[in-house]
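# Understanding the architecture of this molecule
The chain contents come next:
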Amino acid sequence: GTVCALAMMSGSSFAADLTVGFSQIGSESGWRAAETSVTKLEAKKRGIDLKIADAQQKQENQIKAIRSFIAQGVGAIFVAPVVATGWDDVLKEAKDAKIPVVLLDRTIDSKDDSLYLTAVTSDTVYEGRVAGEWLAKTVGDKPCNIVELQGTVGSSPAINRKKGFDEAIAKHPNLKITRSQTGDFTRAKGKEVMESFIKAENGGKSICAVYAHNDDMQIGAIQALKEAGLKPGKDILMVSIDAVPDLFKAMANGEANATVELTPNMAGPAFDAVIAYKKDGKMPPKWIQTESKVYLPDTAAKEYEARKDLGY
Ligand code: GZL
């Protein structure tokens, strides 16, 4: 009745005077674009005033944005840290200004975890591991040369997705990564690096599988393989991570074989943690983990339909 309505009111009215500054990496991938649009939706749902700064993938722009949010006296700061190191000083300034910081979708290497309230991310080591396990199961015991498209150098997902995948295939000596290079999580770079792999691997004939740290680089790789007259998804196994609509489309066309889901909604749990902290002093866990799940071609068409209007 009334009490509940008042509680609801106080919750949302409390959120209504909350301003959050979000230092977003950029729009390097379909997943990143979806994360930005979902964050705007989640802020709107809670009546939160959201200010987003796009860093065009540059850490110095993120640090500038955080300093400007501190100067504006925002209620909380979200940051998706493009790389894992170099944050201690600016996060110390936010801490001294008593502005809680939440890490979204990537983590930082810091000995001092008091520099952030919580990190909302998936388990990116697990994502790499399930990708490796799926490939091992699919290949069986025949020799398989794998080429790997790594994410942004020094970013926590690139480091962890490599770690998890390496651990999984270490158990299968017939699986070997013969080439590994960063495609910086973008389609263009993923295509460019795949073209160089094809040249180096005698026209790509010796490539058994492509492991890409995200779907956007995989989509670039598919284009490069097709232009070289090869058949990705048929002669070459294609496994990647993010579960973006265009990858489901590629799977439905028989050009990709598996993707591991990464929800773009990191902001919902982040907003709720900040509201509970500021309203009732409730300390969230240091890591709020989002779920990951492997998707295969059998449900690709349905999953594509379910996601295509999500703002990717
Ligand atoms: C992972 C996230 C990665 C996505 C990419 O949590 O940081 O960044 O996998 C994006 O698509 O560039």
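Residues numbered from 1 in each chain as written. Predicted model: local features only at pLDDT ≥ 70, side-chain atom pairs only at ≥ 80, totals over all residues. Heavy atoms only, no water.

## Quick word on the state of the cysteines
Here the structure, examined in full by the defined rule, presents one disulfide. Residue pairing for Cys144: its cysteine sulfur links by disulfide to Cys208, the two sulfurs lying 1.9 Å apart. Here the disulfide of Cys144 and Cys208 is left-handed, its torsion about the S-S bond being about -90°. A residue pair is termed long-range when its members are at least 10 positions apart, and Cys144 in strand S6 (residues 144-150) and Cys208 in the loop between helix H7 (187-200) and strand S8 (209-212) qualify at 64 residues. Neither Cys144 nor Cys208 differs from the other in exposure class; each is buried. (Disulfide = S-S within 2.5 Å. Helix = DSSP H or I, 4+ residues; strand = E, 2+ residues; numbered from the N terminus. Buried < 20%, exposed > 50% of the residue type's maximum accessible area, 1.4 Å probe, protein only.)

## Section: the site of the ligand
By nearness alone, every residue bordering the ligand is listed as Glu28, Ser29, Trp31, Arg32, Asp105, Arg106, Pro157, Arg161, Phe185, Asn214, Asp242 and Leu262. Separating an oxygen atom of the ligand from a side-chain N or O atom of Arg32 is a distance of 2.9 Å. In the environment of the ligand, an oxygen atom lies 2.8 Å from a nitrogen or oxygen atom belonging to the side chain of Arg161. Contact with the protein chains covers 100% of the free accessible surface of the ligand, which is 320 Å². Those elements that provide at least two residues to the shell around the ligand are helix H2 (30-45) and helix H6 (156-169). (Near = heavy atom within 4 Å. Polar contact = N/O pair within 3.5 Å; in protein donor to acceptor, adjacent residues only side chain to side chain. Areas by Shrake-Rupley, 256 points an atom, 1.4 Å probe, with all protein chains shown as cover.)

## Some remarks on the sheet that holds strand S5 (residues 118-122)
Reading across the sheet, the six strands line up as S2-S1-S3-S4-S5-S11 and stay open at both edges, with parallel pairing between neighbours. Either end of the sheet is taken by a strand with one partner, and the two such strands are strand S2 (49-54) and strand S11 (287-290). Each strand axis lies, on average, 15° off the axis of its neighbour in the sheet, ignoring direction. The sheet contact formed by strand S3 (residues 76-79) and strand S4 (residues 101-104) spans three bridges and is parallel. Within the sheet, the bridge partner assigned to Ile77 lies in S4 and is Val101. (Pairing = 2+ DSSP bridges. Axes fitted to C-alpha atoms, helices over the stretch in contact; angles between N-to-C directions.)

## Describing the environment of Leu175
By the secondary structure assignment, Leu175 is in strand S7 (residues 175-182). On the accessibility criterion, Leu175 (5% relative accessible area) is buried. Taking the C-alpha atoms as reference points, Leu175 and Asn145, 30 residues apart in sequence, are found 6.3 Å from one another. Residue contacts for Leu175: discarding those within four places in its chain leaves Ala136, Val139, Cys144, Ile146 and Ile169. (Contact = heavy atoms within 4.5 Å.)

## Some remarks on the side chain of Thr186
With respect to the helices and strands, Thr186 occurs in the loop between S7 and H7. Judged by its relative accessible area of 19%, Thr186 is buried. Those residues in contact with Thr186, other than ones at most four positions away along the chain, are Glu28, Asp216 and Met217.

## Section: the packing of helix H9 (residues 245-252) against helix H11 (residues 300-307)
Two numbers describe how H9 lies on H11: the axes approach to 8 Å, and their chain directions differ by 155°. Judged on the interaxial angle alone, H11 and H9 are roughly antiparallel. Seen along the crossing, H9 lies across H11 with a hand that is left-handed. Where H9 abuts H11, its residues Pro245, Phe248, Lys249, Met251 and Ala252 lie against Ala300, Glu303, Tyr304 and Arg307. (Parallel < 35°, antiparallel > 145°, perpendicular 65-115°, else oblique. Left-handed = near helix turned anticlockwise from the far one by under 90°.)

## Considerations on the nonpolar core
Ranked by internal contacts, the top residues of the largest apolar core, which has 75 residues, are Ile77, Phe78, Trp87, Met194 and Val210. Those residues within four positions of Phe78 in sequence are excluded, and the remaining contacts are Val20, Gly21, Phe22, Ser23, Val102, Leu104, Ala267, Ala270, Phe271 and Val274. Ranked by size, the runner-up nonpolar core spans 19 residues in total, among them Val139, Ile169, Tyr211 and Ile241. (Core = buried A, V, L, I, M, F, W, Y, C linked by side-chain atoms within 4.5 Å.)

## Focus on the packing of helix H3 (residues 59-72) against helix H4 (residues 88-96)
Interaxial distance between H3 and H4 falls to 10 Å at its minimum, and their mutual angle equals 10°. As summarised for this structure, H3 and H4 are arranged roughly parallel, according to the angle between their axes. Seen from H3, the contacting residues are Ile63, Ile66, Arg67 and Ile70; seen from H4, they are Val90, Glu93 and Ala94. Here the contact of H3 with H4 is built from residues that sort into five nonpolar, no polar and two charged. (Nonpolar A, V, L, I, M, F, W, Y, C, P; charged D, E, K, R; others polar.)

## Observations concerning the environment of Ile222
Take Ile222: it is sitting in helix H8 (residues 215-227). Separated by 11 residues in the primary sequence, Ile222 and Gly233 place their C-alpha atoms 8.6 Å from one another. Ignoring anything within four residues of it in the chain, the contact list for Ile222 reads Pro232, Met238, Ala250, Glu255 and Ala256.

## Things to note about the UniProt feature "domain: Periplasmic binding protein" (unreviewed entry) in the chain
Residues annotated by UniProt as "domain: Periplasmic binding protein" (unreviewed entry) correspond here to residues 21-268. In residues 21-268, helix accounts for 43% and strand for 21%; the two terminal C-alpha atoms are 15 Å from one another. (UniProt positions renumbered as here; feature names shortened; annotations may be inferred.)

## Comments concerning the environment of Gly204
Looking at where Gly204 falls in the secondary structure, it is placed in the loop between H7 and S8. On the accessibility criterion, Gly204 (2% relative accessible area) is buried. Taking the C-alpha atoms as reference, Gly204 lies 8.1 Å from Ala228; in sequence the two are 24 residues apart. Once residues lying within four places of it in the same chain are set aside, the contact partners of Gly204 are Ile198, Leu230 and Ile236.

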